Amino acid sequence: MMPSNIGYSLREAFTHIRRNWSTCLGAVVTIFLSLFVIGVFILGSNLVSNLVGSVEDRVTIQAFLNDGADQAAVDAYKAKLEGWDNVESVSYKSKDEALQEYRETMSNRNAEDAVAALDGQNPVPASLVVKLDDPQQVETTANKIVADEEFLAIADTPDNAAASVQYGKETVDRLFSVTNYIRIGAAVLIVLLVFVAFVFINNTIRLAISARKREIAIMRLVGASNSFIRGPFVAEGALEALIGSLLAILSLQVGWSFLKPQLQSSLQFLSFELSPTVVTGCYISLVLVGVVIGLFGSAIAMRRYLKV
Amino acid sequence: MPSHLRNTGGTDASGDLVTPSTAPVPSVVTSGPEPVRTITASTDVAQTNAPVASGATPGGLYAPLEGSGAVVPHTGTPTISLRNVTVIYPAQPNKPALDNVSLDIYPGEFVFVVGHSGSGKSTFLRLLTRELKATKGDVIVAGQNLTKMRNWKVPYLRRQIGTVFQDFKLLPDKTIYGNVAFALECIGKPRSVIETQVPEVLRLVGLAEKMDSFPDQLSGGEQQRVSVARAMVNRPPLLVCDEPTGNLDPAISLGIMKLLDRINQTGTTVVMATHDREMVDSMRRRVIALEAGEVVRDQERGGYGFYDAL
């Protein structure tokens, strides 16, 4: 699309931006705000999925075992589970460990009485803790374990295998639906914002064109090629978009560096780290989206004036 | 000498437009410190205006121009060739703007196109620059069939055609030099070529000293000479003029006509639509008269005609 007259186009575009800075400012601000909000959404959804990810990591299946289960059979079943597709790891939690964990949870909840009431007994069964590759598949895998004959032999309650297999079904479901809604909402909003920015660039270039109609007519008269005529306008659109996207990146960077310490101090148990790759990727895609909007917005605005 | 500077007899660099070998060959010397165009000779158009203006008063008719009126032999390939061309505007489907017109214009000719408003003059001229496509028939300019020409090729066609309009079409925020240079910048000529060719062509039209003025500091006649300079700066073999003297007074018009005549004598084909009766009558060149989209007269050394209509 870029002809040999890049230097000329850029010079013309700069001149025009300088002369009509108020119109161009409008386009730059629109691009800036749109890209800024898009950036907030990209970084925000990354942050949320990081947080969700740490929760998702905790989604495991607990398969409770009969107190009298044969240790060899348990080990064999553990090995079998590890062979399954979606299973990342399986660990054995003995009765003692389970009781220890129970005690801790209870004392965290200030329910020492409940622990005291155990009175030296250990009612907590041993269990196999299954970690999954894809937390979304938790239900399928759980059902598979329930239906497994081999598991029935060692299950805590062989009569009702389903009761022996537990996973945070409702928590998981809610979490997934919420994150999915957030993702869909963000995608829709991003599309809308891109569209708005596109329309605005298109409009600005249209104004620039109508201010220079005479010049375009003369250019066509003396035989300037379409790409030559298009050059300055496309360059102007791209420049405005570039300035807008750089502003967006700058304010994202500044805003995040202010916000992050405050979030971190008020919500200490969560991690607000964004990996540098994600941030750089986000910035690069903002610039790309901006420039593509600028190029296409102006090229489409030009189309009508280039019909021979 | 770069080939694009030439407008010599025989086949030019592009191989399209051919001027007759009888035409004087303009030579442009770009090697010297100050380029000299031989065709301008010593005559400066700016100086020729005053005596004619006073001489035009008594009879109101111009004296025939010296050295003009030679009938150009119709030999070789026509520069412009219309074959059964019909143009119908969508707004008036029953009244064709041009109705089955066929004509040939040969290299080096000076042709007046006359006719009342709405007779199809402008439509004819717009066909030549492919601003308009023929509804039916073939328009062949410079060996290319414009009816079948792809849109992307049109700019390259227009580089071989100079155009002059009644309203000058100058850019008000560019100087005279800038306006003429703009035409070369647009087609990607290097700066060195622009810097030699623009002053040269401005000297040809007699505006060398006004190079740094802006269009609104110039009179109408001077502005029109700038637009002629812009049309000629790329040395096109064909010059199309749409009523170039339409809003100039008779004396100034004569200056423009002399300029066009001299350009014609260098071998450039000139097609000019006009309402200027006295001009046509005094020049005695080929006249094509249009009426309601049809050629009603095509005459060598013709007059304006239409006396009965007035």
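Residues numbered from 1 in each chain as written. Chains lettered and ligands numbered in written order. Predicted model: local features only at pLDDT ≥ 70, side-chain atom pairs only at ≥ 80, totals over all residues. Heavy atoms only, no water.

Caption draft 1: Focus on the packing of aromatic side chains. Enumeration over the complete set of coordinates arrives at three aromatic pairs over all chains. Ring centres of Tyr8 of chain A and Phe228 of chain A lie 4.7 Å apart, and the angle between their planes is 20°; this geometry places the pair in the stacked category. Within this pair, whereas Tyr8 of chain A is found in helix α1 (residues 6–19), its partner Phe228 of chain A is found in helix α11 (residues 226–266), the two being separated by 220 residues in sequence. Residues Tyr8 of chain A and Phe228 of chain A agree in their burial class; the two are buried. Aromatic side chains Phe32 of chain A and Phe36 of chain A sit 6.1 Å apart centroid to centroid with 40° between the ring planes, which places their arrangement in the tilted category. Of this pair, Phe32 of chain A and Phe36 of chain A both sit in helix α2 (residues 21–56), four residues apart, which is roughly one turn of that helix. Positioned above the aromatic ring of Phe165 of chain B is the side chain of Lys169 of chain B, whose terminal nitrogen or guanidinium carbon lies 4.9 Å from the ring centre. (Phe/Tyr/Trp six-rings, centres within 6.5 Å; stacked < 30°, edge-to-face > 60°. Helix = DSSP H or I, 4+ residues; strand = E, 2+ residues; numbered from the N terminus. Buried < 20%, exposed > 50% of the residue type's maximum accessible area, 1.4 Å probe, protein only. Lys NZ or Arg CZ within 6 Å of the ring centre and 35° of its normal.)

Caption draft 2: Just the sheet that holds strand β12 (residues 269–273) of chain B, in detail. Residue and element names in this part refer to chain B. One open sheet holds the six strands; their spatial order is β10-β11-β12-β7-β13-β14, and the pairing between them is mixed. On the outer flanks of this sheet lie β10 (161–165) and β14 (294–299), each paired with one strand and no other. Taking each pair of neighbouring strands and ignoring which way they run, the sheet shows an average axis angle of 15°. (Pairing = 2+ DSSP bridges. Axes fitted to C-alpha atoms, helices over the stretch in contact; angles between N-to-C directions.)

Caption draft 3: Representation of a positive patch on the surface in the model. Taken together, the side chains of Arg206, Lys213, Arg303, Arg304 and Lys307 of chain A define a basic patch exposed on the protein surface. As for its position among the elements, Arg303 of chain A is in helix α12 (residues 276–303). (Patch = residues over 30% accessible without salt bridge, like charges linked within 9 Å, V, L, I, M, F, W, Y side chains within 5 Å. Areas by Shrake-Rupley, 256 points an atom, 1.4 Å probe, with all protein chains shown as cover. Salt bridge = Lys/Arg side-chain N within 4 Å of Asp/Glu carboxyl O. Lys, Arg positive; Asp, Glu negative; His and termini not counted. Charge placed at Lys NZ, Arg CZ, Asp CG, Glu CD.)

Caption draft 4: Broad picture of the pairing of strand β11 (residues 238–242) of chain B. Residues and elements named next belong to chain B. Counted residue by residue, β11 has five buried out of five residues, so it is predominantly covered. The alternating pattern of β11 places Leu238, Val240 and Asp242 on one face and Leu239 and Cys241 on the opposite face, and all of these are buried. Two strands pair when backbone bridges link them, and β11 and β12 are joined in this way by five bridges, in the parallel orientation. Bridging across to β12, Val240 finds its partner in Val271.

Caption draft 5: Highlighting the sheet that holds strand β1 (residues 60–64) of chain A. Residue and element names in this part refer to chain A. Read across the sheet, four strands follow the order β2-β3-β1-β4 without closing on themselves; strand pairing throughout is antiparallel. Of all the strands in the sheet, the pair left with one neighbour each is β2 (87–93) and β4 (165–166). Relative to strand β3 (residues 127–132), β2 runs antiparallel, the two sharing six bridges. Residue Ser89 lies in a different strand from β3, and its bridge partner there is Lys131. Contacts from helix α3 (residues 71–82) reach β2 and β3, with the element oriented near 165° to β2. Along the sheet, helix α6 (residues 138–146) makes contact with β1, β2, β3 and β4, crossing β1 at roughly 15°. (Contact = heavy atoms within 4.5 Å.)

Caption draft 6: Molecular detail of helix α6 (residues 220–232) of chain B. All names here are of chain B. Given a rise of 1.5 Å per residue, 13 residues ought to cover 18 Å, and the 18 Å separating the end C-alpha atoms of α6 matches this to within 8%. The buried fraction of α6 is high, at twelve of 13 residues. Among all positions in α6, only Gly221, Glu222, Gln223, Gln224, Arg225, Val226, Ser227, Val228, Ala229, Arg230, Ala231 and Met232 are buried. (Expected span 1.5 Å × (residues − 1).)

Caption draft 7: Spatial organisation of the nonpolar core. The biggest cluster of nonpolar side chains holds 82 residues, and the ones touching the most others in it are Phe112, Leu202, Leu239 and Leu260 of chain B. The next biggest cluster of nonpolar side chains, apart from the first, holds 30 residues, and it includes Val111, Leu146, Met149 and Leu157 of chain B. (Core = buried A, V, L, I, M, F, W, Y, C linked by side-chain atoms within 4.5 Å.)

Caption draft 8: Representation of the interface of chain A and chain B within the structure. The partner chain B presents 20 residues to the 14 residues of chain A that form the contact. The tally of links between chain A and chain B comes to one salt bridge. Between chain A and chain B we count three residue pairs in polar contact (both at pLDDT 80 or more) in total. Residue assignment for the side of chain A that touches chain B shows that the elements contributing at least two residues are α1 and α10 (213–221) of chain A. Sorting elements by how many residues they give to the side of chain A that touches chain B places α10 of chain A first, with six residues. (Polar contact = N/O pair within 3.5 Å; in protein donor to acceptor, adjacent residues only side chain to side chain.)

Caption draft 9: A look at the packing of α1 of chain A against α11 of chain A. Residue and element names in this part refer to chain A. Relative orientation of the contacting elements α1 and α11 amounts to 60°, with a least axis distance of 8 Å. In terms of orientation, α1 and α11 fall into the oblique class. Considering only the axes of α1 and α11, their crossing is right-handed. Here α1 contributes Tyr8, Ser9, Leu10, Glu12, Ala13, Phe14, His16 and Ile17 to the contact with α11, which in turn contributes Phe228, Gly231, Pro232, Ala235, Glu236, Leu239 and Glu240. For the contact of α1 with α11, a count of residues per class yields nine nonpolar, three polar and three charged. (Parallel < 35°, antiparallel > 145°, perpendicular 65-115°, else oblique. Left-handed = near helix turned anticlockwise from the far one by under 90°. Nonpolar A, V, L, I, M, F, W, Y, C, P; charged D, E, K, R; others polar.)

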